[in-house]
Amino acid sequence: MDGQHSEKSQSDTTADRTSSAMSQNPRAAQRQAGTRGNPEGDAPCPASHRISSPISRSMKDLSCMKVPQDPAHRDKQAHPTTILLCKSRSSQAALMPKEHKMFMEEAYNAAICFKMLRDLNGSDPLHLKYIIKKIKGMAYRAPNLVLETIHDYLVDNPEISSRHKFRLFHVLEAVIEASNSLEEAWQKSFMQLALENMTKSTELEEVYQDAASDVLLAICRHSWRMVAQHLETEVLTGVFPHRSLLYVMGILTSNEAIFNEGEKACWEEQLAQLAVKSVQFLNTDMWSKELLLALTKPDRTHQEQPPEKAFLFIYYGLILQAEDNSTTVRTHLRTLLDTSHQWPKQREGIALTIGLAAARHLDHVWAVLEQFGRSTPIKWSLHSFCLKGRVRRALTLHLCPRCGQNAEDLQWKWASSTILLSYGQMAVRAKAHILPWVDNILSRMVFYFHYSSWDETLKQSFLSAVLMLVGAVSRNEGAHSYEFSQVSELLDCLMVLMEKEPRDTLCTPTRQQTIHIISSLCKLRPPLDLEKKSQLLSTCLHSVLALPLLDVLEKHTCLFLEPPNIQTLYNKTSSALDQLLQSFIMQSPTTDELHLLLSHLYPWLASEKAQERQRAVDRSTALLRFLSHSHSLDPKEDFRRIGQLVGMLGILCQDPDRAIQQSSVEGLGHLYQLLISQTARAAPMVNAQAPKQLSPASVDGAPVWSSGDQKTAPPTPPEMTFPKDHIFQLDSSQVIKEVMKHLTKAELTDLIWTAIEGLGSASPFRVQAAADMLLTTIREHGAKLETVANLGRAIHLQLCSVCIPQAKEKALHAITLLAQNHTPELVATFLDFSVPLDSHAFCLWRALGAEQPVSRQVLAVLLAWLQERALPPGPRDGSPQPKDKPCPRSLAAMNMLHELQFAREFKKAVQEAFPQLLLALLAQLHYTLELHLPQEPHLPQEPLLPQEPHLPREPHLPQEPHLLQEPHLPREPHLPQELHLPQEPHLPQEPHLPQEPRSALEPQPGHEAPEAMPSPHSTSLEALKSLLSTTGHWQDFAHLELQGGWKLFSTIDTYPQGVSLLARAMVQNHCKQIKAVTSQLLPNLQSKEARERKVAILILTEFLYSPTLLEVLPRQAALIVLARSLRDPSPEVRVLSLQGLGNILFHPEKESLLRRQLPPFLDGFFQNNEQVVVQVMGTVSDVLHRLGAHSAAAQSLGVAINARSFFDDAGPSVTPSPRDLQERDGIRAAAMALFGDLVAAMAGKELSSLRTQVHQSMVPLFLHLKDHCPGVVTQAKFTLYRCAVLLRWRLRHTLFCTLAWERGLSARHFLWTCLMTHSQEEFGIHLAQALSYLHSRHRHIKTWAALFIGYTICYHPQAVSQMVSSVDTNLLFSTFEDLKKDPEPSIRVFATRQLYFLQKVAARP
């Protein structure tokens, strides 16, 4: 108590003894001390009564207590507070007996106290405060001494002022409270003093009376029964009690600190007995009127109700409760309800009285409230009536319907609030009797909620009433046997109330109270259905978690007179939300219920706002902590469906907010303990040890530190805030791994799904954390995952939104790890979204093959899918086949085999799988032709541009091994000074290196993927082209490209020629893969698919001309294979096998026979029939091919001379005949083809005569690149390339690209440079040949010859001037003059400069 003090005075024992002696003669000490009270209380003590005896040092210290000096006290010497001693203490101390010394000390203190009591009449507030403090300090040390002095002062000075006595009462109250015990004499004396002054009227009015009443209340702390007896006597006099008596009884009823333990119940019992005795006064009109007047008397402040009025409502209710006459009860209650309902405390008091009366008269109280609810004032207070009724009422009251509100409106405006509170009090007071009435009460509460004029008053009344009702029901043990049908409607009201709460403020405990009510209601029967429970969770979570930051919330309260403590309010609200979640899980301790609760938290855990994430993770952690501690989950339940929770918390472990990180780690720790505990309990085993003390929390239950909703930094290091369990000592990544060890496959899958979903987040940290989580999970548990197909598809969908390179890299790495054990599933899944192929899908394919063993497996799976073809529409083997559409995955596999050839990750795997890929692609081409699908428009053969790829690929330029080491081509030679002209012809200094075909190179930047999807046939053909170009087989690619051989694959009829041509190119180029391809095609000869057998036999028949074949397939084995194929079901295979059996390998005698046939064939070149000549030349080419390695070297010169003579057919005759004018294009093309076949057959053999013929054919071939006949141009390109190979030109790959695709002067300059660089000995021959073509009748050839000579003049002017005659010079002048009129601007410019340059050269001596 306030009267107790920790320190004890040295004179406590002496003072108590002296006080006891003085209590028997109260005036003795005063007379001995030499003081006498003045009637006015302000006269000083007479000098003759002053005491001069010595005093001990300790008592002097007590008497000389001083307040801290301030300017107001520095000049207080005119008002001494101590009595000075006249003699020395040292001289008298030894002379005085001990008892006398003590007596004098006590008398001295009494005199000091008397002086201070007298000084209480002063007017200086600071001095009065000082005196009161001194007296209270003295009372703590010697309370009896002070009590006696106050008593004597009041007795000796009966005429002191009311204000002075008012101050004495305050001091007396403090002294009595400070006393450990109060003697009975003092109790009676001071109680009488208080009773006399409690009802006394002074100028201080109620303040004076309350001070006297407080003295009586202080006495109650020592002897409340005696005071209660006096109060009862006064109350039962039949006269309505005085206000002060009610004040004392109100304090006794409300202040439990007055009573010791167990005494409050005795007081309440005595109060109930008093009410019983007071029932008689209800029938006394005067008493009842005064009672009603006291109850309706306006309060000084309407926010606080005086104790006497609060008690009077209780007293009135107890009297009505004790009344036996129900009519009397109804009458009094209705009279009470007819009073004003304007003020909140008045409404609460009325409701309390009604509730107390309902404890015994429940039926009658209900009837009164029902009757009152149907009364006219209540109806008008409800807003359910239309405006017409309000207008009529306003006219009746002579008020404007739009404005003006009389007192009656305010009196009844909140009457429904009183009714609601009354229902709540009824529930509290009726206790067990209320259960049958709960539904009725709830229905009325719901009614007033919906139809009352909604404001803050009604809201608070509604919440208070529902809280009282729910509390009463919850405390009743029989509530579990009832089913309350109105609970659902009440929950709807509560959700509406929560939704109406301002989203950006938190100024009242409304949310907290509402959530507490919902928690209690959810425990009642019947249980909530899933939909209702979900609605409640969504509403409550949104109302609390969506609040702004606490700093923002505080700004909304800055203008409040008494702003609430936002931190405390929020902590209590969050605690209520935690209790709601715990209540749900306690009602249904299943994993399904836990999943339901967590599923409503997941959206908040993924919120973009840090404070929302923090609050959600705190709620999740609190729920997991509760479950971990309480072990409330049913051990029979399979603890599942938590993979998503692990994923969410794992992602939040990398949140930028440190508080969220720590809370997430703690949540994972509790989840780990929960998993362990559930496993141990289900075993069954001994329960896991309970976790240690959790992180420190504030008094309101919130964490000590948090970035969003707390304002202070953590007082302890992070490691001190977690339980001392080993799981809480690990970092977040280790905790996640530990939790993962206890997850099932399905939970791990859920975890991965959560991580994949996080990849699509807009928060960079979430994307990065999700990628880490995905990678960690697959690295640790990827081998045992299921449904990886769906996971791969989901990663592809999310990959397009990942903008963080590191996160994307980790996601792709996860695919790489997943492919180690799930390659077939992933390949099948990726095929579904790879047509058309986007960049993200291509990244996934590259990640799929990032590891070399997996890349091989990917190709193998793709090849397997490629063979899952639908049956073609028509019979091909003599047996009917059903018509069907092509298999989507088969076509997608074809497309991916094409695209992956350009990926760096698959480069080595593609090279290793070249034989399988070659045969599979050739079979696929045949299959697409069988389908008769519509094809793309065929592009011109010159240039034959392959299909444009869809994606950027790794740069890949197939080239010869020594290409990069080739020396630079010669620059323009240094001309004499006199020949350096101002405007020299513009010639490129370095040859322009043409690009390779698009099928072998990455697409140019800026190229868009074609809108129309390529046909399966074109995709298959492009895949075949890219296979040759990306695996180093560019020579084979060049053979088909320069001959236009790809067109052979466009129809089913020419398809065999295309395959044979490709195989022949591999043989002629001495391909290193012939042995591997042969080994691969042998099993294909036994395939069930006719197309695969057809491809195999076509290649095998061509490979018979390669000596390498015999290393894999000996002659006899080859013969057996071909013989077996004669029995193949397919006629085409049988025919091809028969042709293979006729190979010279099996019939060596054919060599001499074929050689002998060559001379007659050469004579056939001069037949007049063009078709005959062309066929003869083709036959000679076929003979050369059939001879193979046994070629006719002896006849090669004759073949070369005869073939070269037909390059220009009739030739540039001066006087051509009409027949000569009809050039035979077919013969020229056939002659060039024959010459090229001869060169290819003689490759590797050193024949000087043949090399001469080759050199002499270079310029004609070079110039015929501009022939008007496309067939001639094609053969000129291919033969020129073959000659370059024979002559071992450098930069052959660049030469091929130039011949295949490049145009313009730069390409011509490059070709001229190659020719002149490698044929310097034949300079004169080349120049003479070029001059002869200036007489050509074809403008393009003539132009091309002029350009050739122009380049020669520029680079070799000296040699040209020596070799060119005047006739030739004039011819050149004439030619360049004609070229100045050429349609092409570059030719015109070139001709102009060459004329000027030629004039300078010709002018030389």
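Predicted model, so just to flag it, every value in this text is computed and none were measured. (Residues numbered from 1 in each chain as written. Predicted model: local features only at pLDDT ≥ 70, side-chain atom pairs only at ≥ 80, totals over all residues. Heavy atoms only, no water.)

Student: Now, about the overall build of the protein chain: what can you tell me, with residues and values included?
Tutor: Counting its secondary structure elements, the protein chain contains 64 helices and 0 strands. Within the span of the protein chain, comprising 1405 residues, buried residues form 54% of the whole. In the protein chain, once contacts between residues fewer than 6 apart in sequence are set aside, the share between residues at least 24 apart is 77%. A total of about 61800 Å² of accessible surface is found on the protein chain, and carbon and sulfur atoms cover 53% of it. (Helix = DSSP H or I, 4+ residues; strand = E, 2+ residues; numbered from the N terminus. Buried < 20%, exposed > 50% of the residue type's maximum accessible area, 1.4 Å probe, protein only. Contact = heavy atoms within 4.5 Å. Areas by Shrake-Rupley, 256 points an atom, 1.4 Å probe, with all protein chains shown as cover.)

Student: Pulling in residues and values, what's your account of helix α10 (residues 206-235)?
Tutor: If you check α10, its first and last C-alpha atoms are just 19 Å apart, much less than what 30 residues at 1.5 Å a residue would give, namely 44 Å. Summarising burial for α10: 21 of the 30 residues are buried, a large majority. (Expected span 1.5 Å × (residues − 1).)

Student: Please set out helix α26 (residues 530-545) residue by residue, giving values where relevant.
Tutor: With 16 residues, α26 extends 22 Å between its outermost C-alpha atoms, agreeing within 8% with the 22 Å of an ideal straight helix rising 1.5 Å per residue. Those residues of α26 lying buried are K532, K533, L536, L537, T539, C540, L541, S543, V544 and L545. At its buried positions, α26 is contacted by α24 (487-500), α25 (510-521), α28 (566-587), α29 (591-605) and α30 (610-630).

Student: Please provide a residue-by-residue account of unusual backbone geometry, values included.
Tutor: Note that the residue after R525, namely P526, is joined by a cis bond; omega there is -5°. Within the secondary structure layout, P526 lies in the loop between α25 and α26. At H1070, a residue that is not glycine, the phi angle is positive and equals roughly 55°. Tracing the backbone through its elements, the reader meets H1070 in the loop between α45 (1055-1068) and α46 (1074-1084). With a phi close to 60°, R1288 is a non-glycine residue in the positive phi region. On the secondary structure map, R1288 appears in the loop between α57 (1270-1286) and α58 (1292-1301).

Student: Lay out the environment of N790 with the relevant residues and their values.
Tutor: Note on placement: N790 falls in helix α36 (residues 788-799). We classify N790 as partly exposed; its relative accessible area is 37%. Taking C-alpha positions, N790 is 7.6 Å from T829, a pair spaced 39 residues apart along the chain.

Student: Summarise the packing of helix α7 (residues 143-156) against helix α9 (residues 184-198); cite the residues concerned and give the values.
Tutor: Where α7 meets α9, the axes come as close as 12 Å, and the angle between the chain directions of the two elements is 45°. Taken together, the axis directions place α7 and α9 in an arrangement best described as oblique. As α7 packs across α9, the resulting crossing turns out to be left-handed. Taken together, the residues of α9 that come into contact with α7 (itself represented by L147, E148, H151 and L154) are W186, S189, F190 and L193. Looking at the contact of α7 with α9 residue by residue, the class counts come to 5 nonpolar, 2 polar and 1 charged. (Axes fitted to C-alpha atoms, helices over the stretch in contact; angles between N-to-C directions. Parallel < 35°, antiparallel > 145°, perpendicular 65-115°, else oblique. Left-handed = near helix turned anticlockwise from the far one by under 90°. Nonpolar A, V, L, I, M, F, W, Y, C, P; charged D, E, K, R; others polar.)

Student: For the side chain of Q346, give the residues involved together with the corresponding values.
Tutor: Along the chain, the position of Q346 falls in helix α16 (residues 344-358). With residues up to four places along the chain from it excluded, the contact list for Q346 reads L295, T296, Q305, K309, F313 and S340.

Student: Can you break down the packing of aromatic side chains residue by residue, with the values?
Tutor: Taken as a whole and judged by the stated rule, the model has 30 aromatic pairs. Considering the side-chain rings of W224 and F259, the 5.4 Å spacing of their centres and the 75° angle between planes classify their relative orientation as edge-to-face. A residue pair is termed long-range when its members are at least 10 positions apart, and W224 in helix α10 and F259 in the loop between α11 (243-254) and α12 (263-278) qualify at 35 residues. Like W224, the residue F259 is buried in the burial classification. Here the aromatic residues W1034, F1037, W1046, F1049, Y1055, Y1281, F1296 and W1301 are joined through ring pairs into a cluster of three or more. Looking at R869, its charged tip hangs above the ring of Y927, at a distance of 5.7 Å from the centre. (Phe/Tyr/Trp six-rings, centres within 6.5 Å; stacked < 30°, edge-to-face > 60°. Lys NZ or Arg CZ within 6 Å of the ring centre and 35° of its normal.)

Student: Quick one: what's the story with the pattern of salt bridges, residue by residue and with numbers?
Tutor: Enumeration over the complete set of coordinates arrives at 45 salt bridges. We note a salt bridge from R221 to E177, for which the minimum N-O separation is 3.5 Å. With R221 in helix α10 and E177 in helix α8 (residues 162-178), this residue pair connects regions lying 44 residues apart in the sequence. Ionic pairing is found between E905 and R846, a salt bridge with its closest N-O pair at 3.0 Å. With E905 in the loop between α40 (888-899) and α41 (907-912) and R846 in helix α38 (residues 839-848), this pair connects stretches of sequence that are 59 residues apart. (Salt bridge = Lys/Arg side-chain N within 4 Å of Asp/Glu carboxyl O.)

Student: Residues and numbers for the nonpolar core, please.
Tutor: Across soluble globular proteins, nonpolar side chains have a tendency to be buried as a group. One finds W845 and L862 to be the most contacted residues of the largest nonpolar core, which totals 397 residues. The residues touching L862, leaving out its near neighbours within four places in the chain, are V827, L831, W845, A893, M896, L897 and L900. (Core = buried A, V, L, I, M, F, W, Y, C linked by side-chain atoms within 4.5 Å.)

Student: I'd like a description of the packing of α26 against α29, backed by residues and values.
Tutor: When two helices pack together, their arrangement is captured by the angle between the axes and the distance separating the axes. Where α26 contacts α29, the axes come no closer than 10 Å and their chain directions differ by 35°. Handedness of the crossing formed by α26 with α29: right-handed. Taken together, the residues of α29 that come into contact with α26 (itself represented by L530, K533, S534, L537, S538, L541, H542 and L545) are E593, L596, L597, H600, L601 and W604. In terms of residue class, the contact of α26 with α29 is made up of 8 nonpolar, 4 polar and 2 charged.

Student: Let's hear about the environment of L1062: which residues, and what values?
Tutor: Following the sequence through the fold, L1062 ends up in helix α45. Sequence separation of L1062 and F1037 is 25 residues, and the distance between their C-alpha atoms is 8.1 Å.

Student: A description of the side chain of T510 should follow, citing residues and the corresponding values.
Tutor: Within the secondary structure layout, T510 lies in helix α25. One polar contact links T510 to Q460, side chain to side chain, over a distance of 3.1 Å. Beyond its immediate sequence surroundings of up to four residues, T510 is in contact with E456, K459, Q460, L463, L497 and E501. (Polar contact = N/O pair within 3.5 Å; in protein donor to acceptor, adjacent residues only side chain to side chain.)

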